[in-house]
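Chain by chain, the residues:
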Amino acid sequence: MTTAPLTTCVFDDIITAIAGPGMGIFPGFLDPGQTAALRRDFTALPDWQLTHAGIGREHDHHNNERIRTDKTRWLDGTTVPQQAYMALMAELQQLFNRQLFMGLRDYECHYARYDQGDFYKKHLDAFRGRSNRRLTTVLYLNDDWQPDQGGELLIYGDRGEPLHRVRPEGGTLVCFLSERFPHEVLPARRPRLSIAGWFRVDDPIAPTLRL
Ligand SMILES: O=C(O)CCC(=O)C(=O)O
Ligand SMILES: [Fe+2]
């Protein structure tokens, strides 16, 4: 996977979206070859290497499983497709810092698999002053996702109004300010694969981008 087919134009669109409405949806962010390389990298992982969102200490387990049932695995950059994706995100991080002064220090991301019927109920990825996550990215890895297969990402505005319904088609990137947009994943009729990631700052109470 190379970064060559990605023009700086896509990056410019992402910066503009975050500076403006605070979010954007970018179909074709990765081309089908790049997307397939990541999908193969993910599906090559044996099941036992995935963490079930509901599994943890007894108390957490029950609470957690009520809001999400996906299975995840952190990317550790040990394969070529992971390295390429993380390099791309590092480029994006530099642009956010140079152009929007966001003070992002690092990026963490995990593969996520939602099996048939799995969901992630409405939530925020960060709470003001309590998290160092500033910017969320979600990249979908699914080939030929049909409208009747469910699994959409619903994104709400800060007054709770529905804003977008995103089909998890391979290569589409969604990017939004983590504190501002509640969102949820609807159950799907087939396995749904993605990479969810977060750009982070060092200090959770450092001033947030206010646009
Ligand atoms: O997969 C998605 O569309 C969103 C996942 C998500 O909200 C999360 O992992 O926090
Ligand atoms: Fe989320």
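The paragraphs below set out a description of the structure included in this document. Just so you know, these numbers come straight off a predicted model, no measurement behind them.

1. Focus: the overall build of the protein chain
- If you tally the helices and strands in the protein chain, you get four helices and 11 strands.
- For the protein chain, the residues scored as buried account for 51% of the 211 residues in total.
- Taking as baseline every contact in the protein chain between residues at least 6 positions apart, the subset at least 24 positions apart corresponds to 81%.
- Per element, the accessible surface of the protein chain, about 10400 Å² overall, is 53% carbon and sulfur.

2. Here's the deal with the site of ligand 1
- Ligand 1 sits among 13 residues. The nearest are His123, Asp125, Tyr140, His183 and Arg192.
- Note that an oxygen atom of ligand 1 is positioned 2.6 Å from one of the side-chain N or O atoms of tyrosine 140.
- One of the side-chain N or O atoms of arginine 192 is found 2.8 Å from an oxygen atom in ligand 1.
- Here ligand 1 has 300 Å² of accessible area as a free molecule, and 98% of this is covered by the chains.
- Going through the elements one at a time, strand S5 (120-123), strand S6 (133-140), strand S10 (183-185) and strand S11 (192-200) are the ones with two or more residues in the shell around ligand 1.
- Here the shell around ligand 1 gets four residues from one element, more than from any other, and that element is S11.
- Residues of the shell around ligand 1, tallied by class, amount to eight nonpolar, three polar and two charged.

3. Quick look at the coordination of the iron ion (ligand 2)
- Of the protein atoms, only His123 (NE2), Asp125 (OD) and His183 (NE2) coordinate the iron ion (ligand 2), at distances of 2.1 to 2.2 Å.
- Positions of the donor residues of the iron ion (ligand 2) along the chain correspond to the pattern H-x1-D-x57-H.

4. Considerations on the sheet that holds S6
- Reading across from one edge, S1-S9-S6-S11-S4-S3-S2 is the order of the seven strands in this open sheet, with antiparallel pairing throughout. Pairing within the sheet leaves two strands with one partner each, and these edge strands are strand S1 (23-26) and strand S2 (51-52).

5. As for the sheet that holds S10
- Overall, antiparallel pairing links the four strands, which are arranged S5-S10-S7-S8 in an open sheet. Strands at the two margins of the open sheet, each flanked by one partner only, are S5 and strand S8 (162-166). With strand direction ignored, the average angle separating the axes of adjacent strands in the sheet is 10 degrees.

6. A look at helix H2 (residues 32-43)
- The end-to-end C-alpha separation of H2 is 16 Å, in line with the 16 Å expected for 12 residues at 1.5 Å each.
- Among the residues making up H2, those that are buried are Gln34, Thr35, Ala36, Ala37, Leu38, Asp41 and Phe42.
- Looking at the buried side of H2, the elements it contacts are helix H4 (80-100), strand S4 (106-114), S6 and S11.
- Backbone nitrogen of glycine 33 and a side-chain oxygen of the N-cap are separated by 3.0 Å at the start of H2; the cap is aspartate 31.

7. A word on the nonpolar core
- Ile14, Phe29, Tyr85 and Phe96 are the most contacted members of the largest nonpolar core, which has 49 residues in total.
- In terms of residue count, the dominant contributor to this core is H4 (seven residues).

The rules behind these values
- Starting afresh in each chain, residues are numbered from 1 along the sequence in its written order.
- The lettering of chains begins at A and the numbering of ligands begins at 1, in the order of writing.
- Per-residue local features of the predicted model are confined to residues with pLDDT of at least 70, and side-chain atom pairs are confined, for both listing and counting, to 80 or more; whole-chain, interface and lining totals are unaffected and use all residues.
- Hydrogens are left out, water is left out, and the side-chain values use all remaining heavy atoms of the structure.
- Runs of E in the DSSP output that reach at least two residues are strands. Runs of H or I that reach at least four are helices, and both are numbered from the N terminus.
- Three exposure classes are used, based on accessible area relative to the maximum for each residue type with a 1.4 Å probe and protein chains only: buried under 20%, partly exposed in between, and exposed over 50%.
- Two residues form a contact once any of their heavy atoms are found within 4.5 Å.
- Surface accessibility in these figures is a Shrake-Rupley result with a 1.4 Å probe; residues are shielded only by whichever protein chains are displayed.
- Here a residue is near a molecule or strand as soon as one of its heavy atoms is found within 4 Å of it.
- Here a polar contact is taken to be a pair of N or O atoms separated by no more than 3.5 Å, where protein atoms must pair a possible hydrogen donor with a possible acceptor and residues adjacent in sequence count only if both atoms sit in side chains.
- Think of it as three bins: nonpolar holds Ala, Val, Leu, Ile, Met, Phe, Trp, Tyr, Cys and Pro, charged holds Asp, Glu, Lys and Arg, and polar takes everything else, Gly as well.
- For Na, K and Ca the donor cutoff is 3.2 Å, while for all other metals N, O and S atoms count as donors only within 2.8 Å; water does not appear among the atoms, so some sites may look incomplete.
- Strand pairing follows a simple DSSP-based rule, namely that at least 2 bridges must link the two strands.
- Every axis in this analysis is a line fitted to C-alpha atoms, fitted for helices over the stretch in contact. Angles between the N-to-C directions lie between 0 and 180 degrees.
- In this scheme, a helix's expected span is set at 1.5 Å multiplied by one less than its residue total.
- Only buried residues count toward a nonpolar core, which is a set of Ala, Val, Leu, Ile, Met, Phe, Trp, Tyr and Cys residues joined through side-chain atoms within 4.5 Å.

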